Amino acid sequence: MASLFKDPSKLSAYRDRRFAGSQEDFEHALLTSITVYVGNMSFYTTEEQVYELFTRAGEIKKIIMGLDKNTKTPCGFCFVLYYSREDAEDAVKYISGTILDDRPIRVDFDWGFQEGRQWGRGRSGGQVRDEYRTDYDPDILLIHIGGYGKLVQRE
Ligand code: GTA
């Protein structure tokens, strides 16, 4: 199938502040990358569940779970690396917006995984955007009472 994603400005609304190169370098990386970022995941979703869903788009090379840098536990995102660009495109096209563990996940092109990118960058240890949320999951109290020690909020 021919690539449907040729305009780099439409590939992703996200710009990684820690990407070291120019905007042109960033766009080139997005156009050629075989890595997707998955956001809005439940903190309880496992690597096995991610594998089961994302293997529908193609053979997976590696999954890297996003972790809270303080607790070292999953904090709602991951990276999925495919072997082929076409499969990464299919993941963005067909899997983004589907429900995983009761949450609509967001699949975004990513410029490429590097060691360190698996950690949440928020001050609390989790993802930055979780610190701005004002709407809460219905199970928030269960999580809180369960001693997770952190509020989980919906995107
Ligand atoms: N490909 O959409 C994404 C994406 N996100 C959201 C995170 N990552 C992503 N990758 C792709 N697409 O490796 C990656 C990051 C990193 C890992 C964890 O996930 O590259 P993070 O989510 O903890 O931190 O990253 P990140 O991405 O640096 O934060 P974000 O959301 O872009 O925030 C950047 C700035 O905007 C910050 O200064 C923050 O204060 C501000 N901000 C963020 N959300 C809000 C908000 N709702 N209101 C106001 N300001 C906000």
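Further up the page is the structure itself.
Just so it is clear, the model here is predicted, and its values are computed rather than measured.

S.K.: I tried to follow the sheet that holds strand β6 (residues 106–109) on my own but got confused; where do I start?
M.R.: Hydrogen bonding along the main chain pairs the strands of a sheet, whether they run parallel or antiparallel. Spatial ordering of the open sheet is given by β2-β3-β1-β6, a layout of four strands whose pairing is antiparallel. Two strands in the sheet have a free side with no partner beyond their single neighbour: β2 (60–67) and β6. The average undirected angle you get between the axes of adjacent strands in this sheet is 25 degrees. With four bridges joining them, strand β1 (residues 35–39) and β6 adopt antiparallel strand pairing. When the bridges of β6 are listed, Tyr-37 appears paired with Asp-108. Across the face of the sheet, helix α2 (residues 47–54) comes into contact with β1, β2, β3 (74–82) and β6 while running at roughly 140 degrees to β2. Against the sheet, helix α3 (residues 85–95) contacts β1, β3 and β6, and its axis sits at roughly 145 degrees relative to β6.

S.K.: How do you make sense of the pattern of salt bridges when you look at a structure like this?
M.R.: Side chains bearing opposite charge may pair, as long as their charged atoms lie close to each other. In this structure the tally under the stated criterion is six salt bridges. A salt bridge links Asp-7 to Lys-10; its shortest N-O distance comes to 3.1 Å. Looking at Asp-7, the relative accessible area reads 32%, which means it is partly exposed. Ionic pairing is found between Arg-121 and Asp-16, a salt bridge with its closest N-O pair at 2.8 Å. Taken together, the residues span a long stretch of sequence, with Arg-121 in the loop between β6 and α4 (140–145) and Asp-16 in the segment before α1 (23–32) at a distance of 105 residues.

S.K.: Would you take a moment to explain the site of the ligand for this structure?
M.R.: Taken together, 19 residues surround the ligand, and among them Tyr-14, Arg-17, Asp-108, Gln-127 and Tyr-132 come closest. A distance of 3.1 Å separates a nitrogen atom of the ligand from a polar atom in the backbone of Phe-109. In the model, an oxygen atom of the ligand is placed 3.1 Å from a nitrogen or oxygen of the Val-128 main chain. Alone, the ligand offers 890 Å² of accessible surface; in the complex the protein occludes 76% of this. With respect to the detected pockets, the ligand is housed in the largest pocket.

Definitions and limits used
- Residues numbered from 1 in each chain as written.
- Predicted model: local features only at pLDDT ≥ 70, side-chain atom pairs only at ≥ 80, totals over all residues.
- Heavy atoms only, no water.
- Pairing = 2+ DSSP bridges.
- Helix = DSSP H or I, 4+ residues; strand = E, 2+ residues; numbered from the N terminus.
- Axes fitted to C-alpha atoms, helices over the stretch in contact; angles between N-to-C directions.
- Contact = heavy atoms within 4.5 Å.
- Salt bridge = Lys/Arg side-chain N within 4 Å of Asp/Glu carboxyl O.
- Buried < 20%, exposed > 50% of the residue type's maximum accessible area, 1.4 Å probe, protein only.
- Near = heavy atom within 4 Å.
- Polar contact = N/O pair within 3.5 Å; in protein donor to acceptor, adjacent residues only side chain to side chain.
- Areas by Shrake-Rupley, 256 points an atom, 1.4 Å probe, with all protein chains shown as cover.
- 1 Å grid on protein atoms, 1.4 Å probe; cavity = no way out; pocket = protein on both sides within 12 Å on 5 of 7 lines; lining within 4 Å.
- Sits in = over half its atoms within 2 Å of the grid points.

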